[in-house]
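Descriptive structure summary
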Amino acid sequence: MEEDLTVDEVLAKYTEGPADGVFTDGAADPNPGPGGWGAVYVVDGEILDEAQGHDPLTTNNRMELTALIAGYRMVPPGVATTVWTDSKLCVDTITRWAPGWARNGWRRKGGEIANLDLVRKLYRLAQERPEVELRWIRAHAGSRWNEYADALATAYRRATR
């Protein structure tokens with residue numbers, strides 16, 4: 001369950017989870033509706049970079065993909081790290097399904113590929129950066145940097161209060 005914390009509140013509350021990598025998250029509330037994304041790059045528990053954004057009308061999956069694209073771009077070329085997302089759909093899309101879609105001219109048997117513009121960008125980044133591993137992390141399970149990425153992604157909600 002989302003707590004809608006600020007990044008400062010997350011840092012005060014959470015200490016567990018991986019201390020290295022890029023952590024990303026996306027949100028839309030309602031879905032579709034206004035949404036936001038966030039990404040934070042940490043090494044040994046120290047923030048090296050972070051970014052966030054929002055869209056007035058989007059979906060949570062578009063925001064998850066946008067966060068991942070931003071996250072990949074944060075990592076300097078040649079640096080091996082892990083990009084973490086709590087979207088199993090995004091991990092499966094890039095690691096399992098996109099290779100086949102790319103071979104088939106970005107078509108799939110089941111019809112249209114959702115968010116193809118973003119899927120293609122992220123897949124290209126993942127292919128260009130084999131030293132960067134894309135992994136799933138459980139959402140809202142107390143992992144400090146996943147919760148931090150969530151706070152970045154949901155900042156748009158707190159800004160409109």
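Please refer to the structure placed before this passage.
The following paragraphs examine the structure supplied in this document. Here the residue numbers are simple positions, counted from 1 along each chain's written sequence. Since the coordinates come from a predicted model, pLDDT governs what is reported: local features require at least 70, and pairs of side-chain atoms require 80 or more to be given and counted, while whole-chain, interface and lining totals use all residues. Hydrogens and water molecules were not included; the side-chain quantities draw on all heavy atoms of the structure.

1. A look at the nonpolar core
Throughout this description, the term nonpolar core refers to a set of buried Ala, Val, Leu, Ile, Met, Phe, Trp, Tyr and Cys residues connected via side-chain atoms within 4.5 Å. Throughout this description, buried means an accessible area under 20% of the type-specific maximum (1.4 Å probe, protein chains only), exposed means over 50%, and partly exposed covers the range between. Residues Y72, V83, I94, W106, L122 and L134 are the most contacted members of the largest nonpolar core, which totals 25 residues. Only runs of H or I of at least four residues qualify as helices and only runs of E of at least two qualify as strands under DSSP, and these elements are numbered from the N terminus. Listed by contribution, the elements that provide at least two residues to this core are β2 (33-43), α2 (60-74), α3 (88-103), α4 (116-128) and β5 (132-136). Residue contributions to this core peak at six residues, all from α4. Residue contacts for I94: discarding those within four places in its chain leaves P99, V119, L122, Y123, A126 and L134. In terms of nonpolar packing, the next biggest core, distinct from the first, is built from 13 residues, F23, V42, I137 and W145 among them. The contact definition used throughout considers only heavy atoms, calling two residues in contact when any of these lie within 4.5 Å.

2. Observations concerning the pattern of salt bridges
For this document, the term salt bridge refers to a Lys or Arg side-chain nitrogen within 4 Å of an Asp or Glu carboxyl oxygen. Taken as a whole and assessed by the stated rule, the structure comprises 10 salt bridges. Across the salt bridge formed by D4 and R158, the nearest N and O atoms sit 2.8 Å from each other. A residue pair is termed long-range when its members are at least 10 positions apart, and D4 in the segment before α1 (7-13) and R158 in helix α6 (residues 155-159) qualify at 154 residues. Comparing D4 with R158, the two get one shared label, buried. R135 is the partner of E133 in a salt bridge, and the nearest nitrogen-oxygen pair spans 3.9 Å. Given the relative accessible area of 37%, R135 is considered partly exposed. Residues participating in the shared-partner salt-bridge network are D4, D29, R157 and R158.

3. Focus on α4
Expected span, for any helix, means 1.5 Å times one less than how many residues it has. When the terminal C-alpha atoms of α4 are compared, their 18 Å separation across 13 residues agrees well with the 18 Å that a helix rising 1.5 Å per residue should span. For α4, the set of buried residues is L118, V119, L122, Y123, L125 and A126. Burial along α4 is one-sided: seen end-on, the buried residues are contained in an arc of 160°. Those residues of α4 hidden inside the fold are in contact with α2 and α3. To obtain the arc, one takes the directions from the helix axis to the C-beta atoms.

4. Thoughts on the environment of W37
The residue W37 is located in strand β2 in this model. A sequence separation of 26 residues divides W37 from L11, and the C-alpha atoms of the two residues are 18 Å apart. If sequence neighbours within four positions are ignored, W37 has contacts with D25, G26, A51, Q52, G53, H54, M63, T66, A67, A70, L152 and A153.

5. Comments concerning the pairing of strand β4 (residues 81-85)
Both faces of the sheet carry side chains from a regular strand, because those side chains alternate between them. Counting buried positions along β4 yields five of five residues, so the element is predominantly enclosed. Where β4 lies against β5, five bridges are found, and the strand directions are parallel. Considered in β5, the bridge of T81 is made with V132. Only when DSSP finds a minimum of two bridges between them are two strands counted as paired.

6. Here's the deal with the sheet that holds β4
Note on sheets: strands pair through backbone hydrogen bonds, and any given pair is parallel or antiparallel. The sheet built from five strands is open, its strands ordered β3-β2-β1-β4-β5 with mixed pairing. In this open sheet, the two edge strands, each paired with only one partner strand, are β3 (46-58) and β5. The sheet shows a mean angle of 15° between the axes of neighbouring strands, direction not considered. The pairing of strand β1 (residues 21-28) with β2 spans eight bridges and is classified as antiparallel. Residue pairing in the sheet places G26 in a bridge with W37 of β2. Axes, fitted as lines to C-alpha atoms, cover a helix only where it is in contact. Angles between the N-to-C directions of the axes lie from 0 to 180 degrees. Contacts from helix α5 (residues 144-153) reach β1, β2 and β3, with the element oriented near 140° to β2.

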